[in-house]
Amino acid sequence: MNYSIYRIDESAPTLGAAVWDKAELGTIACEPWTGFSPAPPTEFRVLRYADGFSVLMHTQESNLRAEVINENGRVCDDSCMEFFMKPDPYDIQYLNFEFNPKGVLHLGLGKDRYGRLLLTDARDIFHIETRANEGDWTLKFDIPDAFLLRYFKQVSPVFRGNFYKCGDLTDHLHYATWSPVYAPKPDYHLADFFGLFTVK
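This part covers the pattern of salt bridges. One pass over the full model with this rule turns up ten salt bridges. The partner of E71 in a salt bridge is R123, with the nearest N and O atoms 3.2 Å apart. With E71 in the loop between β4 (52-59) and β5 (80-86) and R123 in the loop between β8 (117-118) and β9 (129-133), this residue pair connects regions lying 52 residues apart in the sequence. By relative accessible area, which is 40% here, E71 ends up partly exposed. The closest approach of N and O atoms between D142 and K140, which form a salt bridge, is 3.0 Å. Each member of the pair D142 and K140 is classed as buried. Salt bridges sharing common partners tie together R74, D77 and D168.

Summarising burial for strand β10 (residues 136-144): nine of the nine residues are buried, a large majority. Of the two faces of β10, the one lined by D136, T138, K140, D142 and P144 and the one lined by W137, L139, F141 and I143 are each fully buried. Alignment of β4 against β10, held across eight bridges, turns out to be antiparallel. Within β10, the position partnered with T59 by the bridge is W137. As paired elements, β9 and β10 share five bridges and run antiparallel to each other.

Of note in the backbone geometry, N72 takes a positive phi value of approximately 65° without being a glycine. Here N72 is to be found in the loop between β4 and β5. The class for N72 is buried, based on a relative accessible area of 15%. Backbone geometry places H127, a non-glycine residue, at a positive phi of 45°. As for its placement among the helices and strands, H127 is situated in the loop between β8 and β9. Judged by its relative accessible area of 47%, H127 is partly exposed.

Regular strands have side chains that alternate between both faces of the sheet. Counting buried positions along β4 gives seven out of eight residues, so the element sits mostly inside the fold. In terms of strand pairing, strand β3 (residues 42-49) meets β4 through eight bridges, oriented antiparallel. Among the inter-strand pairings, F44 is bridged to a residue of β4, identified as M57. Between the end of β3 and the start of β4, which pair antiparallel, lie two residues.

On to the side chain of T42, then. With respect to the helices and strands, the residue T42 is situated in strand β3. Relative accessible area serves as the criterion here: at 5%, T42 is assigned to the buried category. Reaching out from T42, the side chain makes a polar contact with the backbone oxygen of P40 at a distance of 2.8 Å. Within polar-contact distance, the side chain of T42 engages the side chain of T59 at 2.8 Å.

Below, the discussion takes up the environment of C166. Its place among the elements puts C166 in strand β11 (residues 158-166). C166 sits in the buried class, given a relative accessible area of 2%. Along the primary structure C166 and P40 are separated by 126 residues, whereas in three dimensions their C-alpha atoms are 9.2 Å apart. Leave out the neighbours within four places in its chain, and C166 touches C76, D78, S79, C80, E82, H174, Y175 and Y188.

Calculation rules
Residues numbered from 1 in each chain as written. Predicted model: local features only at pLDDT ≥ 70, side-chain atom pairs only at ≥ 80, totals over all residues. Heavy atoms only, no water. Salt bridge = Lys/Arg side-chain N within 4 Å of Asp/Glu carboxyl O. Helix = DSSP H or I, 4+ residues; strand = E, 2+ residues; numbered from the N terminus. Buried < 20%, exposed > 50% of the residue type's maximum accessible area, 1.4 Å probe, protein only. Pairing = 2+ DSSP bridges. Polar contact = N/O pair within 3.5 Å; in protein donor to acceptor, adjacent residues only side chain to side chain. Contact = heavy atoms within 4.5 Å.

Shown next as C-alpha cells:
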C-alpha cells in the first residue's frame, strides 16, 4: 500500500480546518481475520506541516467504549484508532500511537510487540483533539519532528507505517488495517507489512 502526504506551508491544522480537504483520503478497510464483527468504516488523512506531521482519523462506530483513563493504558480494549510509524528506514524500531475516544494515548517504542518502551512524553506536544458522538468519533493529533528526533536519527520523507482500527472489549469486537497484514491471528506489531508513506 502507498499513501502520498501533502505538504502545507503553515502550522499544524486544527480538527476542523479546511486544509484537510487537500490531504489524500485513506481507508482502513482490510479485514484479514475471520470470526469477528464487521469493522466500522474508518478513514484517515495525513498532512506534513513545517515541523511535523498532522493526522486526522474518523470512524463511523456505534456503541462507543471509552473506559480507559490512564495514559499508556490498554486503550485497545476501547473503541480504538491507531497509527504505527517507522520514521527512519535504517532503524528497526517503530512507534505505536493508540487512542480511545477520550483522547487517552498509549504510546510505545520498540522493534516488535515484545519489551516495548512505553513513552511518557508530555501529551500536550501532540495537540490531541477528539470529537465523539453516538455513531462516530473523530481524532486529530500532531507528531512533531522534535519528538521523533528524540528517538530516531532522522525523519525520512519516505517512511513506513500502518493504520488500524480495533476494539477488544467492545460489544462488536473487530480488527481492520490499512495495509494488509498476513498473519494467522490479529497482530498489528508486524512491521514487515507496513505500507509506504511519501511526502510530496
